[in-house]
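# Tertiary structure, described
Here are the chains, one letter per residue:
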Amino acid sequence: MTLRIIDQPVVRQLLTMPVCIDLMEQAMQQTAQGETLQPPRWIMGLPGDRGRGFGLMPGAMKEPAGFGAKLTAVYPENGAKGLQSHRGIIALFDTETGAPVAIVHGGEVTAIRTAAASALATRLLARPDASDLAILGYGEQALQHLKAMAAVRTLNRVRVWGRSQERAEHFAREGRTLVDCAIEVSRSVEAAVAGASLICTVTGAAEPILAGRMISPGAHLNVVGSSVAAAREIDVDAVARSRFFVDYKPSTLLQGGEFLAAKREGRVSDDHIVGEIGEILIGRKTGRQTADEITIYKSLGIPAEDLVCAHFLYTAATEHGLGASVDFS
């Protein structure tokens, strides 16, 4: 059996944003239809009080048939060094023989598929005329989300906020090479989101940076940065005011920090989660209902997203002779 190694340049070459958005649609549909196995992610804190962790996300799905796991080291300080904060691999296994068939660059897949999933949610939930984008955060996910939002909406204005003015200005300069519109650096969160119809939160914040009172009627939010129960980027009011959607409800009930905080305070119940994005795709749930309502997509990331990407990359890389291959009999 041949094991194919798919490195970062190959992932970037093959997994374009439009391709990945289509793959996210497939993953979300399979999830909503109950044709996946996605146990809760396992996260272990690493020694030292630096927010570092090691995570395991196993899963299996019916179409495309496959199973495997993503193993990821999370190093929050890497962004300031110009390195990916999520570094790891996705191991893909063959369903017929149980043999491993691919090892894929997990950091690059995570960077692209996370933003692509937000793009899918935005396509389904944001107003058709949404064009004023606020990005809170300036790291790798901020750039990917800029590309992702431009793939599903025509952007007329972009504002970015971050704790470091210097890094926010660097993001703006780099972002201007990716989209054909102005990118402004805002001095505060409130200034960044004022009047915005699209908001992406992609920070490492442990406590809320965005309050519900700051959000304009009709806005759509992609809440992406927090992935553990103890962290949250938006406050309880923002959750309570919104029509709230998720990628996978069981994981949100375990690790969706923003939702869990609102639930603890008695502001919402489990029924406040309208549904999963996949349920909109298969017609089981309705997305946006009025132009003035606030919609939220809470992203935690799910194994199905990684598996569909890994399967696509394995198939495409094999077809085009890309990546390294080793005998793994």
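Scroll up a little and you will see the structure.
Below, the structure is looked at part by part. Quantities reported herein were computed from a predicted structural model and do not represent experimental measurements.

So, how was this worked out
- Residues numbered from 1 in each chain as written.
- Predicted model: local features only at pLDDT ≥ 70, side-chain atom pairs only at ≥ 80, totals over all residues.
- Heavy atoms only, no water.
- Phe/Tyr/Trp six-rings, centres within 6.5 Å; stacked < 30°, edge-to-face > 60°.
- Helix = DSSP H or I, 4+ residues; strand = E, 2+ residues; numbered from the N terminus.
- Buried < 20%, exposed > 50% of the residue type's maximum accessible area, 1.4 Å probe, protein only.
- Core = buried A, V, L, I, M, F, W, Y, C linked by side-chain atoms within 4.5 Å.
- Pairing = 2+ DSSP bridges.
- Axes fitted to C-alpha atoms, helices over the stretch in contact; angles between N-to-C directions.
- Contact = heavy atoms within 4.5 Å.
- 1 Å grid on protein atoms, 1.4 Å probe; cavity = no way out; pocket = protein on both sides within 12 Å on 5 of 7 lines; lining within 4 Å.
- Points joined across faces, edges and corners; volume = space filled by probe spheres on them.
- Nonpolar A, V, L, I, M, F, W, Y, C, P; charged D, E, K, R; others polar.
- Expected span 1.5 Å × (residues − 1).
- Arc of directions from axis to C-beta.
- Right-handed = clockwise from strand over helix to strand, strands pointing away.

## Notes on the packing of aromatic side chains
- Going through the model one piece at a time under the given rule, you end up with three aromatic pairs.
- Ring centres 6.4 Å apart and planes at 85° place the aromatic pair Trp-42 and Phe-54 in the edge-to-face group. You can see Trp-42 sitting in strand E3 (residues 42–45) and its partner Phe-54 sitting in strand E4 (residues 53–61), a full twelve residues away along the chain.
- Note on Phe-54: relative accessible area 27%, which makes it partly exposed.
- On the basis of an interplanar angle of 35° and a centroid distance of 5.8 Å, the ring pair of Phe-244 and Phe-259 is categorised as tilted. Note that Phe-244 is positioned in strand E13 (residues 242–246) and Phe-259 in helix H9 (residues 257–264), a separation of 15 residues in sequence. One exposure class covers both Phe-244 and Phe-259, and it is buried.

## Some points on the nonpolar core
- Leu-15, Met-24, Val-104, Leu-133, Leu-146, Phe-171 and Ile-277 are the most contacted members of the largest nonpolar core, which has 67 residues in total.
- Per-element accounting of this core gives the leading share, nine residues, to helix H3 (residues 106–125).
- In terms of nonpolar packing, the next biggest core, distinct from the first, is built from 31 residues, Ala-192, Ala-196, Ile-234 and Val-239 among them.

## Topic: the sheet that holds strand E9 (residues 157–161)
- Read across the sheet, eight strands follow the order E10-E9-E8-E11-E12-E15-E13-E14 without closing on themselves; strand pairing throughout is parallel. Looking at the sheet topology across the chains shown, the edges are occupied by strand E10 (182–185) and strand E14 (273–276). Across the sheet, the mean angle separating the axes of adjacent strands is 20° when strand polarity is ignored.
- Contacts from helix H5 (residues 165–175) reach strand E8 (132–136), E9 and E10 within the one sheet, and its direction differs from that of E10 by about 180°.

## A closer look at empty space enclosed by the protein
- On inspection of all chains with the given rule, the structure shows one cavity of 30 Å³ or more.
- There is about 30 Å³ of room inside the largest cavity.
- In terms of lining residues, the largest cavity is bounded by Met-57, Pro-58, Gly-59, Gly-68, Ala-69, Lys-70, Ile-90, Pro-303, Asp-306 and Leu-307.
- At the level of secondary structure, the elements contributing two or more residues to the lining of the largest cavity comprise E4, strand E5 (66–74) and helix H11 (303–320).
- When its residues are assigned to classes, the lining of the largest cavity shows six nonpolar, two polar and two charged.

## Here's the deal with the environment of Gly-225
- Mapped onto the elements, Gly-225 comes out in the loop between strand E12 (220–223) and helix H7 (236–241).
- Residue Gly-225 is classed as partly exposed on the basis of its relative accessible area of 29%.
- Note: C-alpha distance between Gly-225 and Asp-22 (203 residues apart in sequence) is 22 Å.
- Apart from residues lying up to four places away in sequence, Gly-225 is in contact with Thr-201, Val-202, Thr-203 and Glu-233.

## Some words on the pairing of E5
- Across nine bridges, E4 lies against E5 in antiparallel orientation. For Ala-60, the partnering residue across the bridge sits in E5 and is Phe-67.
- Hairpin remark: E4 followed by E5, antiparallel, with four residues in the connecting loop.

## Brief notes about helix H2 (residues 17–32)
- In this model H2 runs 22 Å from its N-terminal to its C-terminal C-alpha over 16 residues, within 8% of the 22 Å that 1.5 Å per residue would give.
- Of all the residues in H2, the buried ones are Met-17, Cys-20, Ile-21, Leu-23, Met-24, Ala-27, Met-28, Gln-30, Thr-31 and Ala-32.
- In the stretch just after H2, Gly-34 is the one whose phi turns positive, near 70°.

## Structural notes on H5
- Residues Ala-168, Phe-171, Ala-172 and Gly-175 constitute the buried set of H5. Along H5, the residues classed as buried sweep out an arc of 100° about the axis, all on the same side.
- Residues of H5 that are buried make contact with E8, helix H4 (140–152), E9 and E10.

## Focus: the pairing of E8
- Here E8 lies mainly inside the structure; five of its five residues are buried.
- A two-sided burial pattern is seen for E8, the buried positions comprising Asp-132, Ala-134 and Leu-136 on one face and Leu-133 and Ile-135 on the other.
- Pairing of E8 with E9, which is carried by five bridges, proceeds in the parallel orientation. Paired with Ala-134 across the strands is Arg-159, a residue of E9.
- As a crossover connection, the stretch from E8 through H4 into E9 is right-handed.
- For E8 and strand E11 (residues 198–201), the ladder comprises four bridges, and the chain directions are parallel. Bridge pairing links Ile-135 to Cys-200 in E11.

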